[in-house]
Amino acid sequence: MPTTTPTPRLALAALTAAALAVSSVAAGAASSGSGELARPAAAEGKLAIKAGKVIPGPGRAAIDGGVILIEGGRITAVGRDVQIPWDATVIDAPDWTAFPGFVEAHTSRGMDRPNENLEVAPFLSVRDSIDPINFYFEDALRWGLTTINVEQGHETVIAGQGIVVKPWGLTVEEMTVKPVAGIKISATPKRTLSGATQAQVLRRAFGDLRRYLEDLVQQKKEGSDRSRREALFQGRELEGEKAKGRAMEGSAWKVEGLERVPRGEIDEKQEPLLALVEGRIPAFVYCGRPSDVRLALEVARENGFLARTTLVVSPVCWKAADEIAEAGVPIVIEGGLVHTERDPFTGKEIETFVPKVFQERGVRFALSASNSTSESLWYQAALATGLGLTREQALAAVTTVPAEILGLGKRVGSLEPGKDGNVLLFSGDPLSVSSWVERVILEGVEVYDRSKDVRMKHLLEGVTPPSTAAMGEEEEVTHEDEGSPPEAGDEKKDEKEPPPKNGGNGGKGGGR
Amino acid sequence: MKRGVAALLALAALAWALPAWTPARSEAAARAEVVALQAGTAHLVEGGKVLEGGVTIVVRDGKILAAGKDVAVPPGARVVDYGADAVIVPGLVAANSPYGVGPPSRRTADPGVLAVDNFDPFSSAYLADVAGGVTSAYLAPARGRLISGQGAVVKLAGDDLRRRVVSRSAALQGSVGAEARDVPGYWDPPVPATVEVGLGVAEPQLPRTTMGAIVALTELLEAARSGKEADAYGPGAARELARVLGTGLPWRIDAGTETEIRAILRLAQSERLPLVIDGAERAGELADEIRRAGASAIVEVDVAPNSAGRDFGKGRDDRWPVFDTAARLVRAGVPIAIATEDSVRPRDLRFAAAVASRGGLAADAALRAITLGPAEILGVADRVGSIAPGKDADFAVLNGPPLSAASSVVATWIDGEPVWEVAGSDAPGSKAARSKAIVIEVAELYVGDGEVLRPGQVLMQGGRIAEVGRRVAHPLGAVVVRGPAAMPGMIDAFGHLGLDGSSKAPPTDYKLARVVEPGDRVDRMVARAGVTTVVLTPRGTSSSGTPMMAYKPAGQDLESMVLSDPTALHLAWTHSRNRVESGKDVREVLAKAVEYEKKWKEYEAAIAKWTPPPPEPEARVESAKEEKKPEAGTPPETKDEKKDEKAKGKEKKEPEADPVTGIWEGKLALPPNESEVSLRLRMRLEGKVVTGALRCAQVSEGLVPLGGTFEEGKLALAGLGSRGFVSLSGEPKEGKLEGKLAVGSNEIELKLERTTKDLDEARRPELRREKKPEEKEPKGKPRAPGIDAKLEPLRRAMHGEGAVVVDVDRAVEILDCVKAFEEAGIKPVLYGADEAWKVADALRGRVAGVILTHQVMEVDPRKGLSELRNRFAELALAGIPVAFHSAAEEGASDLPLIAAYAVAQGMSPEGALRALTYDAAAMLAIASRVGRLARGMDGDVLLLDGPPLEPSTSVLRTWVNGEEVR
């Protein structure tokens, strides 16, 4: 049976954009073979996984009896004849299949609540809303999701910024993979808005930004220091980079003279949209109806962020596949793979397998596990294979394509030297219904072991975890016939008090 | 600041010019095709022109190239002919629609809201409107705001999404009505809310009164013209308005009451606004003021009952619909559009225009008010609204005058493509074609049983007659055909069509359905001559009788071809020249039949008396079943048909034993004319001998009887067809036959597939009463006598469910014969019956009818040549039903001539018509399906160019089972 040595971990303080820069340097360093700049967050130790079969990723040949070597959280070698260092921890799994961790390109789960009530709120960040002990992340491990883009829901016109996380860590900072994944925009009207008023709000947001910037430049020309005073009043940082002005970089429209304005003086509420127009952050635009695609693409085009736009589409949007293909944007298919409708003439039911439509038009698409836990990415990929995609296409749609959409194509999505050490060990083929995710290794650290998953064990084998044993005994003792109903109810309540605490902690210890 | 706005505008314009849409499919090739639409009448609307008597409209690339009466069809053009009865009008333009209207902006004025953003080109919700002839519609951005945004005009169907937006900005939509003056307060919470800032409260929004609305509009206009902001009404409202003012966009303002209309008219005059009064259904009084202000009006007509909420009762507020608004406005010279209400789908637009004409609006003005009128008001008249070269090829094809309630839309075209056609597929013979509703409107409708409706109409639906009357229902999309006269399809009471020259008398229990075959050319020709039902009678008779079968030569398939099988039994009173033995055979048969009937009567009486025992345990029931089994092997006399078939099946169905028997179908192309035709081969294997028949239009005119052998897996057949000797060889294997077919000097490879192993007989509703005892027969239950297929037709005749046709000629024999049948309880149909007229009085009420031989005129030997007698007329006058017949194959087509001749010689036309239709059907017991035009009867109708039975009258068109025979 596989053996593991626990690895010491360091808690990481706030991970900022700067950290991303460091990590990309680290990536370069790791690939060049020196490993000195290994990130402090992940394991410093070495881990070698000897798997019966290694599937390095879609489109790559499987290696029988392969070894994956992870040093400092990064994969350093994948192959059959890899020299295992003497000091490496070894997971020996001759019966299992190693596979790269699944990448979820868009989800609105894992937060306390997905939507803010404001119509335009790009200054919000999902970072502040993520709940690290949300069950979603525990489930994510169980199903093998190792990289997750958490974005706000669809019920906002311009929502806040999403964040890419891994489902492991006690704080959001620990979980963070990419601090700003992109701004979420919805082209489908939220409740109380019509398509036209949604479009109006959306267009006006960019118009307002433009007018705001023009006003700012005008003020500077007139020698007014109002924006500076406002910035100081709000306690914004006005040192270093923030003290400098920079010419606007937008590809669709520019405001002349913005270099006169120190960047720190730009209102925080406007700054994220400016970053979007300037091409510094990507956008995820939701289209719930095919007619929304036109608006989404039009706004992206008019404001110059089409190249960094990903559409999050519902299945019915296959009808707008031609427009999407022409625009050349990648998509995330959400809410199912098959679209069903009735022919208005014949009344016959027509089923359309959506990914195939996009595949035929050359649109890059990622699948999303947005329905429920049981319909996770492996399920979506397996279903897509059954409905007409090739195995490679289906696997790419849950690994490499979403990784590229998230701008993490060089870090996750496949098992290659230099990439993050995110490895899943399946008991069989990753697309087989009878396979389990047995182990999850995140950046070189084993974070999930099915044999220690108390909830799974309880569910499948009826094994009561030791920490909740007391609860089980008392359940047996409780006889409703003996006591009067209210008493029994009270008793039960009392008994049920402790488990959440216990379960929470115990669940963490066992499952994560 | 202003420069920035201008730059933004330029940018937005540029972005729109960029290809945001791609054509859904590569339709370039399809669009380049030239199509010529043809119809009887076209209302061009352009210049008020109505063209009648054959119009051609040439379309290319979605645009009209030419339209007129003398327009030549360009070479290579695809011609779509809707027929002389069809009427083409421009695609209707709905000046109002419920589509895309979403919740309004929260602010009182928001001119930047674009209705086009609400447009869902992928929706199928518009199909109902397209089916109503509406091709373009106005989308309002929202309602209930002082300025709620900019409306758009879109096409309601089409694949090219780019073409579907006709106008992205067609009008500035606003309102000074009550709903716009009650806008809820507006609250924008500050982010972040601090102690200093506070959450704030909702601010009330103006206006509250009509004068307030006028002031607000004036303020907004002033701000827009001077480049100021008027944020109290909405952020950026003035800025957006300034942009709109520059484009000269019409102001489409909702103003319901006279006060509101006057107020907005004054504002429009003083501010020089291009005004369109929306919802002006009560603006008739102000027609002259509206004209002086240079405004146009959109009149919404109530088509939904009580949609205006007319439920105020006996008060001052009672409301009555106004119908003359449109007429008064037009008289005053106000450009108008007629529209449906906000809540009603535009599919009723045509109906709304018709309602509006009630107030005195001329039909052409009403049509204009739903086509070119709205197109002009909405600024899209360069593309839609009329039929003129250069405009979009949008049409509605109707089956009658455009504003008549009885006409409906047959097809709708948008951008040169048919986007909707009634009943989908129109392939002849398809189920869809038969389910299509057809209305025949004629000046004289001969119902068949003597009644004549002037005028008359017939509605056919689902292959049957749904309604007959002076005016019948016109279901949506019904095909309407007009003509001078119509009558039921004629019946040949005794014909040979389909026998292909065979003179063999088949056995009494032979199923004649085996010999007929759908889709034959000769059959269709006969039907087109007007004979839609032929009672197929084999030549010659046998002592126990030969079967007769009523069938429709032009039926679409076996099922709809055969009326009943057998329909009648054909007996001959005299078999040889030995008149002494006359009637001997018939009497014997009748005696048997009486005996047979008696058995059944006894059985019926017994079973009526018998009370079933209490249910027995299962085991005993089973034993009863076993007991029954040996009985199933019936004596040769009593043949149960079904069992017979089953036995046959057992014999023949063993898969290895009989790979031949069945019906085989395939296609082949014979030189010199290479076009593919279908081939149908029936074969029956008995031992090694194969008999069969082949039907293929290119091999032979009719059926080719084939004979041959099947040995060691090889099949060899030969026969003689009309185009020469036919031989077929091949190896049937697992339902597939590959081999060679030689016709004359041509030889060709052949591939056939077995479609069925049964030699199929027409499936029809079982007319015979189900006498079969139940499977689980309890002990003591009276046993049913077996069904004798030979005597069954006689038994049915005794019950009036079938007919017996007897050949008899001399007067004395006729009386004998009738008497013999009377004893058996049957009213026979006399065939031949040369001397029946002599004993007409004695026959009255004792015979079902008489089928006279061809010869209409009879020379009375007693009176010499001086007096000729018309035998038909004599009998008809005596009250004995007569029927005409052909005793021929394609000669059946002469039936109308024979009847006309009878009339020319003194028969009443009414009697002759009855003889051709109802009387023939009644005497042969098929009157429940054919012979009359009545609800529930088969849709067999002839359209004539004059009164029936005039020699000069010819059959224009024929429908069989509700489908036209072509």
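This structure is a prediction, so every number in the text was calculated from the model and none was measured. The numbering scheme is per chain: residues are counted from 1 as the chain's sequence reads. The order in which chains are written sets their letters, starting at A; the order in which ligands are written sets their numbers, starting at 1. Only residues with pLDDT of 70 or above have their local features reported here, since the model is predicted, and side-chain atom pairs are shown and tallied only from 80 upward, although totals for entire chains, interfaces and linings are computed over all residues. With hydrogens and water excluded, all non-hydrogen atoms of the structure serve as input to the side-chain values.

1. What to know about the overall build of chain A
In DSSP terms, a helix is any run of H or I states spanning at least four residues, a strand is any run of E spanning at least two, and both are numbered starting from the N terminus. Looking only at helices and strands, one finds 16 helices and 17 strands in chain A. Buried residues are those whose accessible area, probed at 1.4 Å on protein chains only, stays under 20% of the maximum for their type, while exposed residues exceed 50% and partly exposed ones sit between those limits. Here chain A holds 512 residues, and the buried ones make up 54% of them. Within chain A, counting contacts between residues at least 6 apart in sequence, those at least 24 apart form 66% of the total. Working note: accessible area of chain A is about 22,100 Å², and carbon and sulfur atoms make up 52% of it. Any two residues having at least one pair of non-hydrogen atoms within 4.5 Å are treated as being in contact. Computed by Shrake-Rupley with a 1.4 Å probe, the accessible areas treat only the displayed protein chains as cover when residues are assessed.

2. Here's the deal with the overall build of chain B
Each helix and strand in chain B was counted, giving 25 helices and 44 strands. Out of the 966 residues belonging to chain B, those deemed buried represent 52%. The long-range fraction of contacts in chain B, counting pairs at least 24 apart against all pairs at least 6 apart in sequence, stands at 65%. Surface exposure of chain B reaches about 42,300 Å², of which carbon and sulfur atoms provide 52%.

3. Re the packing of helix α5 (residues 210-226) of chain B against helix α7 (residues 258-271) of chain B
Residue and element names in this part refer to chain B. Between the N-to-C directions of two axes lies an angle of 0 to 180 degrees, each axis being a line fitted to C-alpha atoms and, for a helix, fitted only over the stretch in contact. The N-to-C vectors of α5 and α7 enclose an angle of 20 degrees; their axes lie 10 Å apart at closest approach. Taken as axis vectors, α5 and α7 run roughly parallel relative to one another. Note on packing geometry: the crossing formed by α5 with α7 is right-handed. Between α5 and α7, the residues in contact are Thr210, Ile214, Leu217, Thr218, Leu221 and Arg225 and Glu260, Ala263, Ile264, Leu267 and Glu271, respectively. Ten residue types, Ala, Val, Leu, Ile, Met, Phe, Trp, Tyr, Cys and Pro, are classed as nonpolar, four, Asp, Glu, Lys and Arg, as charged, and the remainder, Gly among them, as polar. Of the residues assigned to the contact of α5 with α7, the class counts are 6 nonpolar, 2 polar and 3 charged. An angle below 35 degrees is treated as roughly parallel, one above 145 as roughly antiparallel, one from 65 to 115 as roughly perpendicular, and anything else as oblique. Should the near helix be turned anticlockwise from the far one by less than a right angle, the crossing is termed left-handed; should it be turned clockwise, right-handed.

4. With respect to the environment of Leu389 of chain A
Residues and elements named next belong to chain A. With respect to the helices, strands and loops of the structure, Leu389 is situated in the loop between α10 (377-387) and α11 (391-396). Note: C-alpha distance between Leu389 and Glu138 (251 residues apart in sequence) is 29 Å. Those residues in contact with Leu389 that sit more than four places away from it in its chain are Phe353, Pro355, Lys356, Gln359, Phe365, Ala384 and Ala394.

5. Quick look at unusual backbone geometry
Residues and elements named next belong to chain B. A cis amide bond, omega -5 degrees, links Leu206 with the succeeding residue Pro207. Cis geometry is adopted by the peptide bond preceding Pro455, which originates at Arg454 and carries an omega value of -5 degrees. Structurally, the position occupied by Pro455 is in the loop between β20 (452-453) and β21 (456-461). Although it is not a glycine, Ala887 adopts a positive phi angle of roughly 50 degrees. Following the sequence through the fold, Ala887 ends up in the loop between β41 (882-883) and α23 (895-904). Of note, the phi angle at Asn961 is positive, near 50 degrees, even though the residue is not glycine. With respect to the helices and strands, the residue Asn961 is situated in the loop between β43 (955-960) and β44 (963-964).

6. Some words on the sheet that holds strand β9 (residues 134-139) of chain B
Residues and elements named next belong to chain B. Should DSSP find at least two bridges between two strands, the strands are regarded as paired. Here we have 8 strands laid out as an open sheet, ordered β8-β9-β10-β11-β12-β13-β14-β15, and mixed in their pairing. Lying at the two open borders of the sheet, with one neighbouring strand each, are β8 (92-94) and β15 (336-340). Across the sheet, the mean angle separating the axes of adjacent strands is 25 degrees when strand polarity is ignored. Packed on one face of the sheet, α7 meets β12 (251-254) and β13 (275-278) and runs near 170 degrees to β13.

7. Looking at the side chain of Glu271 of chain B
Here Glu271 of chain B lies in helix α7. With residues near it in sequence (within four places) discarded, Glu271 of chain B still touches Thr218, Leu221 and Arg225 of chain B.

8. Examining helix α24 (residues 909-916) of chain B
For α24 of chain B, every residue scored as buried is listed here: Gly911, Ala912, Leu913, Ala915 and Leu916 of chain B. Among the structural elements, β19 (438-446), β23 (479-488), β24 (490-495), β41, α23 and α25 (918-923) of chain B are those in contact with the buried residues of α24 of chain B.

9. Thoughts on the confidence of the model for chain A
Residues and elements named next belong to chain A. Mean pLDDT for chain A: 83, with 81% of residues reaching 70 or above. Every residue carries a pLDDT, the predictor's confidence in it, which falls somewhere between 0 and 100. Per-element averaging of pLDDT across chain A places helix α16 (residues 498-511) at the bottom with 38 and strand β9 (residues 283-287) at the top with 97. Residue range residues 1-42 is modelled with pLDDT below 50. Its contacts to residues more than four positions away, or to other chains, number 51 contacts. Under a pLDDT of 50 for its full length, residues 474-512 has, in the predicted model, 27 contacts with residues more than four places off or in other chains.

10. Some remarks on the sheet that holds strand β33 (residues 724-733) of chain B
Residues and elements named next belong to chain B. Taken in spatial order, the 8 strands line up as β28-β29-β30-β31-β32-β33-β34-β35 and close into a barrel, and their pairing is antiparallel. With strand direction ignored, the average angle separating the axes of adjacent strands in the sheet is 30 degrees. Where strand β34 (residues 736-743) meets strand β35 (residues 746-756), 8 bridges bridge the pair, whose relative direction is antiparallel. Considered in β35, the bridge of Glu738 is made with Lys751.

11. Focus on the nonpolar core
Buried residues of nine kinds, namely Ala, Val, Leu, Ile, Met, Phe, Trp, Tyr and Cys, make up a nonpolar core once their side-chain atoms join them within 4.5 Å. Judged by nonpolar contacts, the single largest core of 104 residues is most densely connected at Leu220, Trp251, Ile264, Leu275, Ile290 and Ile338 of chain B. Broken down by element, the residue count for this core peaks at 8 residues, all from α5 of chain B. Setting aside chain neighbours within four positions, we find Ile338 of chain B in contact with Val299, Val301, Ala326, Leu349, Ala352, Ala353, Ala356, Leu361, Ala369 and Ile370 of chain B. Counting residues in hydrophobic clusters, the runner-up holds 97 residues, among them Leu193, Ala320, Leu389 and Leu442 of chain A.

12. Topic: the state of the cysteines
Residue and element names in this part refer to chain A. Two cysteine sulfur atoms make up a disulfide if the distance between them is within 2.5 Å. One pass over the structure, following the stated rule, counts 0 disulfides over all chains. You can see Cys287 has no disulfide; the closest cysteine sulfur is in Cys317, sitting 5.5 Å from it. You can call Cys287 buried: its relative accessible area is 0%.

13. Overview of the packing of aromatic side chains
Each aromatic pair joins two rings of Phe, Tyr and Trp (for Trp, the six-membered one) with centres within 6.5 Å, and gets the label stacked for planes under 30 degrees apart, edge-to-face for over 60, and tilted for any other angle. Under the counting rule described, the total for this entry stands at 12 aromatic pairs over all chains. Ring geometry for Phe872 of chain B against Phe884 of chain B: centres 4.6 Å apart, planes inclined by 20 degrees, an arrangement best described as stacked. Highlighted residues: Phe872 of chain B in helix α22 (residues 871-877) and Phe884 of chain B in the loop between β41 and α23, separated in sequence by 12 residues. Phe884 of chain B matches Phe872 of chain B in its accessibility class, with the two residues each being buried. Joined through ring pairs, the aromatic side chains of Phe99, Phe102 and Phe426 of chain A make up one cluster. In this analysis the charged atom, NZ for Lys or CZ for Arg, is taken to sit over a ring once it is within 6 Å of the ring centre and within 35 degrees of the ring normal. Seen from the ring of Tyr186 of chain B, Arg107 of chain B lies directly overhead, with NZ or CZ sitting 3.8 Å from the centre. One Lys or Arg, Arg252 of chain B, reaches over the ring of Tyr138 of chain B and ends 3.9 Å from the middle of that ring.

14. A short note on α5 of chain B
Residues and elements named next belong to chain B. To estimate how far a helix should extend, the number of its residues minus one is multiplied by 1.5 Å. Taking 1.5 Å of rise per residue, the 17 residues of α5 would be expected to cover 24 Å, and the 24 Å separating its terminal C-alpha atoms lies within 8% of that figure. Along α5, the residues that are buried comprise Thr210, Ala213, Ile214, Ala216, Leu217, Leu220, Leu221, Ala223 and Ala224. The secondary structure elements touched by the buried residues of α5 are β10 (147-155), α6 (237-247), β12 and α7. Positive backbone phi, approximately 75 degrees, marks Gly227, located one or two places after α5.

15. Side note on the pattern of salt bridges
Opposite charge on two side chains permits pairing when their charged atoms draw close. Whenever Lys or Arg places a side-chain nitrogen within 4 Å of a carboxyl oxygen from Asp or Glu, that contact is recorded as a salt bridge. For the structure on display, the rule yields 76 salt bridges over all chains. Arg364 of chain A is the salt-bridge partner of Glu404 of chain A, the closest N and O atoms lying 3.1 Å from each other. On the criterion of sequence distance, the pair formed by Glu404 of chain A in helix α12 (residues 400-405) and Arg364 of chain A in the loop between α9 (354-360) and β14 (365-367) is long-range, its members being 40 residues apart. Here Glu33 of chain B ties to Arg78 of chain B by a salt bridge, and the two come within 3.0 Å at their closest N and O atoms. Pair noted here: Glu33 of chain B is in the loop between α2 (28-32) and β1 (34-39) and Arg78 of chain B is in strand β6 (residues 78-81), with a separation of 45 residues, a long-range link. Look at the salt bridges and you will find they share partners, linking Asp61, Lys63, Lys155, Arg163, Arg383, Asp392, Asp394 and Asp415 of chain B into a network.

16. A short note on the pairing of β33 of chain B
Residue and element names in this part refer to chain B. Here strand β32 (residues 714-721) runs beside β33; their pairing, made up of 7 bridges, is antiparallel. Of the residues in β33, the one forming a bridge with Leu720 is Phe725. Between β32 and β33, which pair antiparallel one after the other, the connecting turn spans 2 residues.

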